[in-house]
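Each chain is listed here by its residues.
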Amino acid sequence: MTRVIHTGDTHIGYSQYHSPVRRQDFLDAFEAVVDDAVDGGVDAVVHAGDLFHDRRPDLQDLMGTISVLRRLDDAGIPFLAVVGNHESTRGGQWLDLFERLGLATRLGDEPVVVGDTAFYGLDHVPVSRRDDLDYAFADHDADYAALVAHGLFEPFGYADWDTETVLTESDVAFDAMLLGDNHTPDTAEVADTWVTYPGSTERASASEREGRGYNLVVFDADTAGGDDRVEIRRRALDTRPFVFVSVELREGESRVRERVREFDLAEAVVHVEITGEGDPVTPAAVEEFATDEGALIARVVDRREVDADGEVDVSFADPEDAVRDRLDEMALSTAARDVERAVREDTVSDANVRETVKRRVEERLDGDGDLDAFDAVEAGGDGAESDADGDEWDGGGAEPNGDASEPTEPNTEPEAAEPEDSDPASTDGQVSMEDYL
């Protein structure tokens, strides 16, 4: 029997809402997973990618992570991991550094046996590179086998990777696929193999309303019962509360504050959504009121419709819908849509827009080049690789037929961008792999 904690998408270093407190929350959530691992005496912690939010984490995040990993090492619990799209770099990976320090093992096409289970790894691979993948994994003589991978796999939401193809073309018969990238926890059975996401360990966006947690995975037919060889249990994490307040106003009403006061806001991240009619509301005033009531952070979204001059109907219910409708009318190429997303998405800071655009275009031209991506598409067509975000791939796990060339993803999470300057002194504490490897 082998018992492991399956986690991922910890996004350490993410200063959500530009808050240093939220930044610490992401490290604390990872530490809570490790606390449970040590207390529970599991055989390993398996991380399915995006340990860091950015490929150039600040020194404080790097040191905090090393401190947490040392606790695992002191307890004799191995940390097995793959590289996600957010943390991937063109050269060595942070995971390689941790491996040199004896604090982690980077999974790949060779088995790493823990107990009676062989673990393999597949780093994030851009969509444009997947047709060349050869799912060749070395043999093992363990009782069970699991593939740890980072990507959006079927049959789950936003999927762009055919899970059955991975399982049928692989040289190894896997009992489970332990996945990362999708922040929504879920489990399914594909081709007689259990496929599961643990979800993120902290809420990386307001859309992640359910509680956060991880998976406890047990490889043992007797424990699982019946003909199953794998048991997957969901374990909850005690993370910072998010409070979602919905206020539907009627004409002549202005009761937003009264509605907000009904909730316990102590140290919470508060999201207020206003619908209906009613008097004008100043979001900044509501946010200030919520913080005065104890909230750590407050955000207000007014989704009501507003008429202008009685002639033009301007709806602020969802400006994203209006933008998407207009883009669908334009004959933008896939590459152009990549650029458009980089400019418009609020998850890419203004300082990183230029580098993000440059990186996306370069990767379209990298190697053989994806020149079709620069062709205009028919107006109204899809024309986009579903938010592909130009991520790197370092060749972990199965490789494109013998050539692990350097080199992106519809993502439900905030996007990483690589700053231009490689000098740690000029990046406000950020360091690159070149400073260490």
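Here the structure is a predicted model, which means the values were calculated and not measured. (Residues numbered from 1 in each chain as written. Predicted model: local features only at pLDDT ≥ 70, side-chain atom pairs only at ≥ 80, totals over all residues. Heavy atoms only, no water.)

### Structural notes on the overall build of the protein chain
Scanning the protein chain from N- to C-terminus turns up 10 helices and 19 strands. Burial statistics for the protein chain: of 437 residues in total, 51% are counted as buried. As displayed, the protein chain offers around 19,400 Å² of accessible surface, 44% of which is attributable to carbon and sulfur atoms. (Helix = DSSP H or I, 4+ residues; strand = E, 2+ residues; numbered from the N terminus. Buried < 20%, exposed > 50% of the residue type's maximum accessible area, 1.4 Å probe, protein only. Areas by Shrake-Rupley, 256 points an atom, 1.4 Å probe, with all protein chains shown as cover.)

### Quick word on the sheet that holds strand S15 (residues 269-276)
Sheet architecture is open: three strands sit in the order S14-S15-S16, paired in parallel fashion. This sheet does not close on itself; its edge strands, each paired only once, are strand S14 (242-249) and strand S16 (297-302). Between one strand axis and the next, the sheet turns by 15° as a mean value, whatever way the strands run. Relative to S15, S14 is paired through eight bridges, and the arrangement is parallel. (Pairing = 2+ DSSP bridges. Axes fitted to C-alpha atoms, helices over the stretch in contact; angles between N-to-C directions.)

### Some points on the sheet that holds strand S6 (residues 117-122)
Whenever strands of a sheet pair, they do so through backbone hydrogen bonds, lying parallel or antiparallel. Strands sit in the order S5-S6-S8-S9-S11-S10 across an open sheet of six strands; the sheet is mixed. Strands with a single pairing partner mark the edges of an open sheet, and in this sheet they are strand S5 (112-114) and strand S10 (186-190). In this sheet, neighbouring strand axes are inclined to one another by 25° on average, regardless of whether the strands run parallel or antiparallel. The sheet contact formed by S10 and strand S11 (residues 193-197) spans five bridges and is antiparallel. Within S11, the residue paired with Val190 across the bridge is Thr193.

### Describing the nonpolar core
Of all hydrophobic cores here, the largest spans 29 residues; its most connected members are Ile5, Phe30, Phe79 and Phe98. Those elements giving two or more residues to this core turn out to be helix H1 (20-40), helix H2 (59-74), strand S3 (79-81), helix H3 (94-100) and strand S12 (213-219). With near-sequence residues (within four places) excluded, Phe30 lies in contact with Thr10, Ile12, His47, Leu51, Thr65, Val68, Leu69 and Phe79. One finds Leu122, Trp161, Phe174 and Val195 within the second-largest nonpolar core, a separate group that totals 24 residues. (Core = buried A, V, L, I, M, F, W, Y, C linked by side-chain atoms within 4.5 Å. Contact = heavy atoms within 4.5 Å.)

### Re the pattern of salt bridges
Under the definition given, this model contains 16 salt bridges. For Asp25, the salt bridge goes to Arg22, with nearest N and O atoms at 2.9 Å. Taken together, the positions of Asp25 and Arg22, both in helix H1 and three residues apart, correspond to about one turn of that helix. On the accessibility criterion, Asp25 (8% relative accessible area) is buried. The partner of Glu273 in a salt bridge is Arg303, and the shortest N-O contact between them spans 2.6 Å. Here Arg303 lies in the loop between S16 and strand S17 (305-308) and Glu273 lies in strand S15, a separation of 30 residues in the sequence. Overall, Glu273 belongs to the partly exposed group, its relative accessible area being 26%. Connected through shared salt-bridge partners, Arg22, Asp25, Glu202, Arg240 and Glu267 make up one network. (Salt bridge = Lys/Arg side-chain N within 4 Å of Asp/Glu carboxyl O.)

### Details of the UniProt feature "binding site: Mn(2+) 1" (unreviewed entry) in the protein chain
Sites flagged by UniProt as "binding site: Mn(2+) 1" (unreviewed entry) map to Asp9, His11, Asp50 and His183. In terms of the greatest pairwise C-alpha distance, the residues named above, spread along 175 residues, form a tight cluster of at most 10.9 Å across. For Asp9, the location among the structural elements is in the loop between strand S1 (2-7) and H1. There is a polar contact of 2.7 Å between the side chain of Asp9 and the backbone nitrogen of Asp181. Its relative accessible area of 1% is what places His11 among the buried residues. (UniProt positions renumbered as here; feature names shortened; annotations may be inferred. Polar contact = N/O pair within 3.5 Å; in protein donor to acceptor, adjacent residues only side chain to side chain.)

### As for unusual backbone geometry
For the peptide bond that leads from Glu154 to Pro155, omega is 10°, which places it in the cis range. Tracing the sequence through the fold places Pro155 in the loop between strand S8 (144-150) and helix H4 (163-169). Unlike most non-glycine residues, Tyr17 shows phi in positive territory, near 60°. Structurally, the position occupied by Tyr17 is in the loop between S1 and H1. One non-glycine residue, Asp181, lies in positive phi territory at about 120°. Here Asp181 falls in the buried class, since its relative accessible area comes to 0%.

### A look at the side chain of Asp220
For Asp220, the position within the fold is in the loop between S12 and helix H5 (221-224). One buried charged residue, Asp220, forms no salt bridge at all, with the nearest opposite charge on Arg233 at 8.4 Å. Ignoring any residue separated from it by four or fewer positions in sequence, one finds Asp220 in contact with Met1, Tyr144 and Arg229. (Lys, Arg positive; Asp, Glu negative; His and termini not counted.)

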